[in-house]
Amino acid sequence: TPRNVHTGGTTIMAAADGTDTTPVATETYIAEIFVPCNMTITGIAVFNGSVAGTDKLCAILYNSAGVPVAQSAAAGITASGVDSFQRLDFTAPYAAKGPATYYVGVQANGITTRLNTHPIGNFAAQKKTGETFGTPTNLTIAGTFTANVGVIASLY
C-alpha cells in the first residue's frame, strides 16, 4: 500500500516530530521517496506543521529523472490541520513503476502555513527556488541531504 511509503524511508512517531519550517511562495520543498513495487498513487499526505494558516498547498511527484509525473490541483488546496497529515489528491491517479526512486515536492502560496521537514537523514532533501506556485518544473537532483527542507510526507 502506498500509505506505508514515506519520504526518507521514515515516518513520524509523534506530533512534535520534524522541524517547523516556514515556506516561501517561490520555493518547492523536496524529499526522496522509494517506491518498492508497482502501485497506484492517488496523492501525497503532507505532515503539516504547527500553523495551518490560510495558504494553499500543491503536491508534486517527480520521477527518478526529476520530471514531474503527477500533482495536486494547480490552484492549490487550503492547508488544514496542525501537526497532522493532510491529504493532497492528485488531479489523476498515477501508476508508479517500482522498485524506483521518486521525489515528493510541496509548495505553499504564502508564508502563514508551516510544513514539517526532516531535520536529519541520509537521503536527497533539497529545495528549489524561483518557482511559480502550482506550476512544477523539472528538478535537478542534488542527491545530498539538506536539513530542514525535505518535506515529511507519505504517499496514498
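All of these numbers come straight from a predicted model, not from anything done at the bench. (Residues numbered from 1 in each chain as written. Predicted model: local features only at pLDDT ≥ 70, side-chain atom pairs only at ≥ 80, totals over all residues. Heavy atoms only, no water.)

## Digging into the side chain of Gln 126
Mapped onto the secondary structure, Gln 126 falls in strand β10 (residues 125–128). Polar contacts involving the side chain of Gln 126 include one to the main-chain carbonyl oxygen of Thr 140, which spans 3.0 Å. Among residues more than four places away in sequence, those in contact with Gln 126 are Thr 28, Tyr 29, Ile 30, Leu 139, Thr 140, Ile 141, Ala 142, Gly 143 and Val 149. (Helix = DSSP H or I, 4+ residues; strand = E, 2+ residues; numbered from the N terminus. Polar contact = N/O pair within 3.5 Å; in protein donor to acceptor, adjacent residues only side chain to side chain. Contact = heavy atoms within 4.5 Å.)

## A word on the nonpolar core
With 26 residues, the main nonpolar core has Ile 44, Leu 57, Leu 61, Val 104 and Leu 155 as its most contacted residues. Elements represented by at least two residues in this core include exactly β2 (28–35), β3 (39–47), β4 (56–62), β7 (85–96), β8 (100–108) and β11 (153–155). Leu 61 has contacts with Ile 41, Ile 44, Val 67, Pro 68, Val 69, Ala 70, Phe 90, Tyr 94, Tyr 102, Tyr 103, Val 104 and Leu 155, leaving out every residue within four places of it along the chain. Of all hydrophobic cores here, the second largest spans eight residues; its members include Ile 60, Tyr 62, Tyr 103 and Leu 139. (Core = buried A, V, L, I, M, F, W, Y, C linked by side-chain atoms within 4.5 Å. Buried < 20%, exposed > 50% of the residue type's maximum accessible area, 1.4 Å probe, protein only.)

## Some thoughts on the sheet that holds β7
Spatial strand order, β7-β3-β11: three strands in an open sheet with antiparallel pairing. Bordering the open sheet on either side are β7 and β11, each of which pairs with just one other strand. The sheet shows a mean angle of 20° between the axes of neighbouring strands, taken without regard to direction. Examined bridge by bridge, β3 and β7 share eight bridges and lie antiparallel to one another. Considered in β7, the bridge of Ile 44 is made with Leu 88. (Pairing = 2+ DSSP bridges. Axes fitted to C-alpha atoms, helices over the stretch in contact; angles between N-to-C directions.)

## Here we look at the pattern of salt bridges
A full pass over the atoms with the stated rule returns two salt bridges. The salt bridge involving Lys 127 is made with Glu 27; its shortest N-O contact spans 3.5 Å. Residue Lys 127 is located in strand β10, and its partner Glu 27 is located in the loop between β1 (19–21) and β2; the two are separated by 100 residues in the primary sequence. Accessibility expressed as a relative area gives 10% for Glu 27, which makes it buried. Between Lys 128 and Glu 131 there is a salt bridge; the shortest N-O distance is 3.6 Å. Look at Lys 128 and you get buried, because its relative accessible area is 17%. (Salt bridge = Lys/Arg side-chain N within 4 Å of Asp/Glu carboxyl O.)

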